[in-house]
Amino acid sequence: MQQTISASNFADIMGVSKATLLKWESNGTFVPSIDKAGNKFFFIDKLLNVPEISNMVHSAWEEEMQTQPLRPYTSIELFAGAGGLALGMEKAGFSHVLLNEIDHDACVTLQYNRPKWRVVEQDVRTISFKQFNGKVDFLSGGFPCQAFSYAGKQGGFNDTRGTLFFELARAVKEIQPKVFMGENVKGLSAHDGGRTLETIKNTIRELGYTLVEPRVLKAILYQVPQKRERLILVAIRNDLADKVQFKWPAPYHRIMTLRDAFFKGELYDTDVPPSEGQKYPPKKQKVMELVPMGGYWRDLPLEVQKEYMGGSFELEGGKTGMARRLSLDEPSLTLTCAPAQKQTERCHPTETRPLTVREYARIQTFPDEWKFAGTLSSQYKQIGNAVPVNLAYAIGRSLIRLFNDIERL
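Residues numbered from 1 in each chain as written. Predicted model: local features only at pLDDT ≥ 70, side-chain atom pairs only at ≥ 80, totals over all residues. Heavy atoms only, no water.

K.L.:
How should I be thinking about the overall build of the protein in this particular structure?
P.N.:
Counting secondary structure elements, the protein contains 15 helices and 13 strands. By the compact-globule yardstick of 22 Å for 409 residues, the protein fits well, its C-alpha radius of gyration being 22 Å. Across the 409 residues that make up the protein, the buried fraction comes to 55%. A separation of at least 24 residues holds for 69% of the contacts in the protein among residues at least 6 apart in sequence. Counting every atom, the protein has about 18400 Å² of accessible surface; 52% of that belongs to carbon and sulfur. (Helix = DSSP H or I, 4+ residues; strand = E, 2+ residues; numbered from the N terminus. Rg over C-alpha atoms; globule rule 2.2 N^0.38 Å. Buried < 20%, exposed > 50% of the residue type's maximum accessible area, 1.4 Å probe, protein only. Contact = heavy atoms within 4.5 Å. Areas by Shrake-Rupley, 256 points an atom, 1.4 Å probe, with all protein chains shown as cover.)

In C-alpha cells:
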C-alpha cells in the first residue's frame, strides 16, 4: 500500500466531506502533513488505528484473487445494460445462460463483444423464466429504483407489482436460484423513508430467501478510479442459508486515481487510446479554461462566476459539480449519462474538453477492447449507467466463494 494518502482520498474512504476533515484537523483528531506544493496528506502508518485504513493495509485481496469456481456456475442477468456487471461476473467465473436488456444499443454492445452470450432484447415483463426452474445457480439484476404502492399493510411481493423489482422477484420465484443479487443506487436505502427497502426485504422473505444484511460498497475500494457507491443485496435460498456464510470482498490496498485510468500502469498496459468525445461550445470552452485541476466554479474570477452561474449564484449550497474539472491525483466523481451537463460537469484534468468515450470506459474499468454501439450520446449513457467492471469482479469473487461452499455441502 502507498505509504501516504492524500487528504481528499482519505475523506472519500471515510465517507466524509472535506469540511468534516477540516473539523477533525482543527480538533486534533487527524492532523495532516503538507507537501511542498501545499497539498495535505497523511502517513499510512499513523492511521492504522482507523478500521477502514487497517482493512486496506491488512487486506486479503491477493488471496481472494486466487478464487476459482469448483465447477461452472450458471447465471441469468436482468437489466444487463452494456455489460459491466456481466463482464465482472464472467471474470469471476460465472457462465451466463441469458442476459435480458430492453435498450437496443446496449444489446448490440453485448452481442458484439460476446457473440456467444444469449442476449434477449425484450421487455422483462413479457419473459417467462419457468424453463430455467432449478437449472440456474445464480440470478442478478440492477433493477431501476421506483416507488412502490403500499396497498397491503405488510408491503411484500404483491405491493411491488408494476415495478421492475417485481420482475426480478418474479424471476426468482420462477427460477428458484440458489442465490440472487440485486444492485441499486445508494439512495435506495433511504428511498420513501426506508419503506421501499423494507418492502424489498419483506418480498425476499416471502420468496423463501434469507437476505444478507445489505451493504453500500464504495467502488474506490475495489480498484475502480471513481467515487461511485452501489447498494448490494445478496439473498440465499432458505434451504442453504443456515449452512453457509457470505463474506463481502476485501478492499484493495490503495485508491486508484485518474492517473491510473488514463496512463500505462497497474490498471492498464497502455495509455488510454484515442476515441470520440463531445466538444464544448466556444463560450463554455473559455470559462472552463479558467478552472484549475480539481477546481470548480468558485475558482473562477468573480465576474465570470456570476455570469456562468446566473440565478444559481445567489442560492445556497455548494453546487460543486458545476464547472468542475477533475484531478489526475483523485478518482473521478461518479460518471453521469452525459459528460458535459452543467450540473454535473466532468472536464478532463489537463485538457479543456469533456471526457472521451474511452476515458469514460476506463473510469468504469471496462477493458479497451470492449466496444460500445450506437450514437455518441448513447455510448456515454451505456457507460455511465454501468456497474464498474472491477467492482462487479470483486463481488463476483465473493459470490464464487459462497457457491464453492454450497457445492461442498
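So, next bit.
K.L.:
Help me understand the side chain of Gln 226, please; the structure alone is not making it clear to me.
P.N.:
Relative to the elements of secondary structure, Gln 226 occurs in strand S11 (residues 226-227). A residue is classified by how much of its surface remains accessible, and Gln 226, at 0% relative accessible area, is buried. A polar contact of 3.4 Å, which involves the side chain of Gln 226, links it to the backbone oxygen of Ile 363. Looking at Gln 226, its side chain comes within polar contact range of the side chain of Gln 364, at 2.9 Å. Once residues within four sequence positions are removed from consideration, Gln 226 is found in contact with Ala 219, Ile 220, Pro 331, Ser 332, Leu 333, Thr 334, Leu 335, Ile 363, Gln 364 and Pro 388. (Polar contact = N/O pair within 3.5 Å; in protein donor to acceptor, adjacent residues only side chain to side chain.)

K.L.:
Sorry if this is basic, but what is going on with the state of the cysteines here?
P.N.:
In protein chemistry, a disulfide is the covalent bond that joins the sulfur atoms of two cysteines. If you walk through the whole model with that rule in mind, you get zero disulfides. In this model Cys 347 remains outside any disulfide bridge; the closest cysteine sulfur is found in Cys 337, 19 Å from its own. On the accessibility criterion, Cys 347 (0% relative accessible area) is buried. (Disulfide = S-S within 2.5 Å.)

K.L.:
How should the packing of helix H1 (residues 7-14) against helix H2 (residues 18-26) be read in this particular structure?
P.N.:
Packed helix pairs are specified by the crossing angle of their axes together with the interaxial distance, meaning the distance between the axes. Relative to each other, H1 and H2 sit at 105°, their axes nearing to 9 Å. It follows from the interaxial angle that H1 and H2 lie roughly perpendicular. Taking contact as the criterion, the partners of Ala 7, Ser 8, Phe 10, Ala 11 and Met 14 in H1 are, on H2, Lys 18, Leu 21 and Trp 24. Tallied by class, residues from the contact of H1 with H2 come to six nonpolar, one polar and one charged. (Axes fitted to C-alpha atoms, helices over the stretch in contact; angles between N-to-C directions. Parallel < 35°, antiparallel > 145°, perpendicular 65-115°, else oblique. Nonpolar A, V, L, I, M, F, W, Y, C, P; charged D, E, K, R; others polar.)

K.L.:
When you look at the pairing of strand S7 (residues 138-141) in this model, what are you seeing that I'm missing?
P.N.:
Consecutive side chains along a regular strand alternate between the two faces of the sheet. Residues of S7 alternate between two faces, with Phe 138 and Ser 140 on one and Leu 139 and Gly 141 on the opposite face, all of them buried. In the sheet, strand S4 (residues 73-78) pairs with S7 via four bridges, with the strands oriented parallel. Counterpart to Ile 76 in the pairing with S7 is Leu 139. Relative to strand S8 (residues 179-185), S7 runs parallel, the two sharing four bridges. Within S8, the residue paired with Ser 140 across the bridge is Met 181. (Pairing = 2+ DSSP bridges.)

K.L.:
Sorry if this is basic, but what is going on with the environment of Leu 48 here?
P.N.:
Assignment of secondary structure puts Leu 48 in the loop between strand S3 (40-43) and helix H3 (51-57). By relative accessible area, Leu 48 is classed as partly exposed at 37%. Along the backbone, Leu 48 and Ile 220 are 172 residues apart, and their C-alpha atoms lie at a distance of 19 Å. Discounting residues that sit within four places of it in the chain, Leu 48 has contacts with Ser 54 and Val 57.

K.L.:
What am I meant to see in the packing of helix H5 (residues 84-92) against helix H15 (residues 389-407) here?
P.N.:
Look at H5 against H15: their axes get within 7 Å of each other, and the N-to-C directions meet at 45°. What the angle tells us is that H5 and H15 run oblique. The way H5 lies across H15 gives a crossing that is right-handed. Of the residues in H15, those touching H5 at Gly 84, Leu 85, Leu 87, Gly 88, Met 89, Lys 91 and Ala 92 are Val 389, Asn 390, Ala 392, Tyr 393, Ile 395, Gly 396, Arg 397, Leu 399 and Ile 400. Each residue belonging to the contact of H5 with H15 can be placed in one class, and the counts come to 10 nonpolar, four polar and two charged. (Left-handed = near helix turned anticlockwise from the far one by under 90°.)

K.L.:
Sorry if this is basic, but what is going on with the sheet that holds strand S1 (residues 4-6) here?
P.N.:
Think of a sheet as strands paired side by side through backbone hydrogen bonds, with each pair either parallel or antiparallel. The strand order across the open sheet formed by three strands is S1-S3-S2, and the pairing between neighbours is antiparallel. A single partner strand is all that each edge strand has here, and the edge strands are S1 and strand S2 (33-34). For S1 and S3, the ladder comprises three bridges, and the chain directions are antiparallel. Residue Thr 4 lies in a different strand from S3, and its bridge partner there is Phe 43. Packed on one face of the sheet, H1 meets S1 and S3 and runs near 85° to S1.

K.L.:
What should I look at first to understand the packing of aromatic side chains in this one?
P.N.:
In this description, a pair of aromatic rings is defined by centroid distance and the angle of the planes. For the coordinates displayed, the defined rule picks out 20 aromatic pairs. Between Trp 117 and Trp 370, the aromatic rings sit 6.2 Å apart at their centres with planes inclined by 55°, giving tilted as the arrangement. Note that Trp 117 is positioned in the loop between helix H6 (104-113) and strand S6 (119-121) and Trp 370 in the loop between helix H13 (357-363) and helix H14 (376-385), a separation of 253 residues in sequence. Owing to a relative accessible area of 7%, Trp 117 belongs among the buried residues under this scheme. When its relative accessible area of 2% is taken as the criterion, Trp 370 is described as buried. (Phe/Tyr/Trp six-rings, centres within 6.5 Å; stacked < 30°, edge-to-face > 60°.)

K.L.:
How should I be thinking about helix H7 (residues 164-175) in this particular structure?
P.N.:
In an α-helix there are 3.6 residues to a turn, and that puts residues three or four apart on one side. An ideal rise of 1.5 Å per residue puts 16 Å on 12 residues; H7 measures up with 17 Å between its terminal C-alpha atoms. With 11 of its 12 residues buried, H7 lies for the most part within the structure. Of the residues making up H7, those classed as buried are Leu 164, Phe 165, Phe 166, Glu 167, Leu 168, Ala 169, Arg 170, Ala 171, Val 172, Glu 174 and Ile 175. (Expected span 1.5 Å × (residues − 1).)

K.L.:
What am I meant to see in the nonpolar core here?
P.N.:
One recurring pattern in soluble globular proteins is that nonpolar side chains are buried together. Core analysis: the biggest nonpolar cluster contains 55 residues, and Phe 10, Val 179, Met 181, Ile 236 and Leu 399 have the highest contact counts within it. For this core, the element with the highest residue contribution is H15, accounting for 10 residues. In terms of nonpolar packing, the next biggest core, distinct from the first, is built from 32 residues, Ile 175, Phe 180, Leu 207 and Leu 231 among them. (Core = buried A, V, L, I, M, F, W, Y, C linked by side-chain atoms within 4.5 Å.)

K.L.:
How do you make sense of the pattern of salt bridges when you look at a structure like this?
P.N.:
Taken as a whole and assessed by the stated rule, the structure comprises 25 salt bridges. Ionic pairing is found between Lys 227 and Asp 12, a salt bridge with its closest N-O pair at 3.2 Å. Of this pair, Lys 227 sits in strand S11 while Asp 12 sits in helix H1, and the two are 215 residues apart along the sequence. Summarising the burial analysis for this pair, Lys 227 and Asp 12 share the class buried. Measuring nitrogen to oxygen at the nearest pair gives 2.9 Å for the salt bridge that ties Asp 137 to Arg 71. Residue Asp 137 is located in the loop between S6 and S7, and its partner Arg 71 is located in the loop between helix H4 (61-65) and S4; the two are separated by 66 residues in the primary sequence. The exposure class assigned to Asp 137 is buried, which follows from its relative accessible area of 5%. (Salt bridge = Lys/Arg side-chain N within 4 Å of Asp/Glu carboxyl O.)

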